[in-house]
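Close look at the chain arrangement
Each chain, letter by letter, is given below.
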Amino acid sequence: MTPLGDHVMKAFLDDPTCPGDACNGKNPQNQGCGEDARTFKPTVGNPAQLQIRYSEDCKAVWARIERGSPGDLVTVPGRGSRTAEIEYGDDKFTNMVAVPDGAFQVTACTRPKAGGKSTFESYCIHATQATAWR
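Residues numbered from 1 in each chain as written. Predicted model: local features only at pLDDT ≥ 70, side-chain atom pairs only at ≥ 80, totals over all residues. Heavy atoms only, no water.

Scanning all chains against the criterion turns up four aromatic pairs. Geometrically, the ring pair formed by Tyr54 and Phe104 is tilted, given 5.0 Å between the ring centres and 55 degrees between the ring planes. In this pair, Tyr54 is assigned in strand S2 (residues 50-55) and Phe104 in the loop between strand S7 (97-98) and strand S8 (105-111), connecting sequence segments 50 residues apart. Through a chain of ring-to-ring contacts, the aromatic side chains of Phe40, Tyr54, Phe104 and Trp133 assemble into a single cluster. (Phe/Tyr/Trp six-rings, centres within 6.5 Å; stacked < 30°, edge-to-face > 60°. Helix = DSSP H or I, 4+ residues; strand = E, 2+ residues; numbered from the N terminus.)

Glancing now at the pairing of strand S4 (residues 73-76). Neither face of S4 is exposed, since Leu73 and Thr75 on one face and Val74 and Val76 on the opposite face are all buried. For S4 and strand S5 (residues 82-85), the ladder comprises four bridges, and the chain directions are antiparallel. Opposite Val74, over in S5, you have Ala84 as the bridge partner. Linking two consecutive strands that pair antiparallel, namely S4 and S5, is a turn of five residues; a positive phi of about 100 degrees is found at Gly78 within it. In this sheet, S8 lies alongside S4 in antiparallel orientation, the contact comprising three bridges. Within S8, the position partnered with Thr75 by the bridge is Cys109. (Buried < 20%, exposed > 50% of the residue type's maximum accessible area, 1.4 Å probe, protein only. Pairing = 2+ DSSP bridges.)

The nonpolar side chains of a soluble globular protein tend to be buried, and buried together. Among the nonpolar cores identified, the biggest contains 22 residues, and Ile52, Val61, Phe104, Val106, Ile125 and Trp133 are the most heavily contacted of them. Secondary-structure elements contributing two or more residues to this core are S2, strand S3 (60-65), S4, S8 and strand S9 (123-128). The next biggest cluster of nonpolar side chains, apart from the first, holds eight residues, and it includes Cys18, Cys58, Ala60 and Trp62. (Core = buried A, V, L, I, M, F, W, Y, C linked by side-chain atoms within 4.5 Å.)

Quick look at the structure:
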């Protein structure tokens, strides 16, 4: 199936917008969680343009890498850990991890493929609900 066909099929198979724990492991685009999502993307020490996305409506977070290479990984570790690998192009996002209503802490990490094209070293970024989300 083509990537577009896969996206359309998942949109029909996934439930509509999910709140909290119901979002765990689901695709944020298919759930409509990207519509209200805000982004934390540090400008310093972030060579792969790693970001954390947070949807207050869905009470969930996910990670995205923008300047990677095929084989590079992006991860939201911890409770409900999610990992995604860039298959083609230079970007990829993970599925969602639910966060509690109120204070939370989240980490996103990226690891380049051993022997791959990326020249950055593995690193992580951290955010809380109080982070300056854009």
